[in-house]
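Below are the chains, spelled out letter by letter.
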Amino acid sequence: MASRISLFVLLFIPLCSAADSFVKVVCDRSNVAQFGHQSMLMCVFDTTQNIPDLKITLVVWRKGTRGIKGIVPPVVVYDARNDPGELKILQEGYTFADTNFNNRNVSLLISNTKVEEEGEYSCEVTTDSGSGSATTRLKVTARYNYPTADKTLEKGRSNVDQTLVCNASGGYPEGQLRWFDNYKTDWTKSAKLTVTEDENGLFMLSSELPLLKGSTLPEYTCVVYNASGGKEGSISIPTEHTGASKANPATSTIIAPVVVIGSLIVGLLLAVIICKKRSQQRTRDDITPTAPYPYEPPPAYSVETRDNIA
């Protein structure tokens, strides 16, 4: 009896393995999706032999590979073990890309991708000729908003003149803020980076760059880099040494009278020069030599005089 049971087990296991090998599920190894957009995890299944009238009985998508007591709850299920087939959406936002499974497409569709949906997924397909499964991974990204910048004057710190502040938010995964001067020198190591998360799991980056007293560089540029090292935005910040900075009120009070006085002095100098030139011109006119024998021309002949002479 025992020998018959052992023989049955030995025969049954290969038969099951052969049946399972008829179905092969193939998924993209990794999928990249944008936060807040629709995303798809591509998976199809095929058979190692031509099986006409193949019937799908069960398709299950699960998120994660480890669950409570080893059980990972599904997010969406198609169950056709009892006609008609039934679509069961067990987590909001998940469904099949094609509920008719045309071309044996069993891909998973996510309507509004969130950070929390990043991770590993598994797809299990069962048919009347065997079953198969495969895993895939979803990576979520979000582009950082355009950076903003500000600067503060430091009055209570003996060696720091001012601090430049740069902020960028709404990005994922965690990125980096880097500082460069107008000569492209990297000052990031001198800055302090603070990273926080919002309620959606997106990151906010804030970097502070202190400038020591005596620094004469006209501006610095803050550049936002994503987790892959790609540049996503930049902003230039003029320091207090440039003309674009706000003038000190005390300095303005001193400079304004100096400019007025200087203008008056220049005007007076121009007036003196003009008067001097005119005086020299009059002097030259006064010393012009006269004729050596001045005389008055005789009056014109009248008719009476002309007759007397005749």
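Residues numbered from 1 in each chain as written. Predicted model: local features only at pLDDT ≥ 70, side-chain atom pairs only at ≥ 80, totals over all residues. Heavy atoms only, no water.

The name given to the protein in an unreviewed UniProt entry is CD276 antigen, and the organism recorded there is Fundulus heteroclitus. The UniProt entry for the protein carries the following text under Subcellular location (unreviewed entry): "Cell membrane". (UniProt positions renumbered as here; feature names shortened; annotations may be inferred.)

Draft legend 1. Summary view of the pattern of salt bridges. Taken as a whole and judged by the stated rule, the model has five salt bridges. One salt bridge in this structure joins arginine 178 and aspartate 186, with 2.7 Å as the shortest N-O distance. Residue arginine 178 is classed as partly exposed on the basis of its relative accessible area of 26%. Among the ionic contacts, a cluster of salt bridges with common partners joins Asp79, Arg81 and Lys88. (Salt bridge = Lys/Arg side-chain N within 4 Å of Asp/Glu carboxyl O. Buried < 20%, exposed > 50% of the residue type's maximum accessible area, 1.4 Å probe, protein only.)

Draft legend 2. Up close: the sheet that holds strand 14 (residues 176-181). Ordered in space as 14-17-18, the three strands form an open sheet in which the pairing is antiparallel. Single-partner strands in this sheet number two, and they are strand 14 and strand 18 (231-238). When the angles between neighbouring strand axes are averaged without regard to direction, this sheet yields 20°. (Pairing = 2+ DSSP bridges. Helix = DSSP H or I, 4+ residues; strand = E, 2+ residues; numbered from the N terminus. Axes fitted to C-alpha atoms, helices over the stretch in contact; angles between N-to-C directions.)

Draft legend 3. Structural context of a negative patch on the surface. Among the surface-exposed residues, Glu174, Glu197, Asp198 and Glu199 lie close enough to one another that they form a single negatively charged patch. The residue glutamate 199 is located in the loop between strand 15 (192-197) and strand 16 (203-212) in this model. Overall, the relative accessible area of 73% leaves glutamate 199 in the exposed class. (Patch = residues over 30% accessible without salt bridge, like charges linked within 9 Å, V, L, I, M, F, W, Y side chains within 5 Å. Areas by Shrake-Rupley, 256 points an atom, 1.4 Å probe, with all protein chains shown as cover. Lys, Arg positive; Asp, Glu negative; His and termini not counted. Charge placed at Lys NZ, Arg CZ, Asp CG, Glu CD.)

Draft legend 4. Inspection of unusual backbone geometry at higher detail. Residue proline 173 is bonded to the preceding tyrosine 172 through a cis peptide linkage, with omega at -10°. Even without being a glycine, asparagine 103 presents a positive backbone phi close to 55°. Overall, asparagine 103 belongs to the exposed group, its relative accessible area being 77%.

Draft legend 5. Layout of the sheet that holds strand 7 (residues 86-89). Spatially, 2-11-10-5-6-7 is the arrangement adopted by the six strands of the open sheet, whose pairing is mixed. Of all strands in the sheet, those bounded by a partner on one side alone are strand 2 (30-34) and strand 7. Mean inter-strand twist for the sheet, computed between neighbouring axes without regard to direction, equals 15°. Note that strand 5 (residues 56-63) and strand 6 (residues 74-79) share five bridges and pair antiparallel. Across the sheet, residue tryptophan 61 finds its bridge partner in strand 6, namely valine 76.

Draft legend 6. Representation of the pairing of strand 17 (residues 219-225) within the structure. With six of its seven residues buried, strand 17 lies for the most part within the structure. Pairing between strand 14 and strand 17: six bridges, direction antiparallel. When the sheet's bridge partners are listed, tryptophan 179 is paired in strand 17 with cysteine 222. Both strand 17 and strand 18 contribute to a ladder of seven bridges, which runs antiparallel. When the sheet's bridge partners are listed, tyrosine 220 is paired in strand 18 with isoleucine 237.

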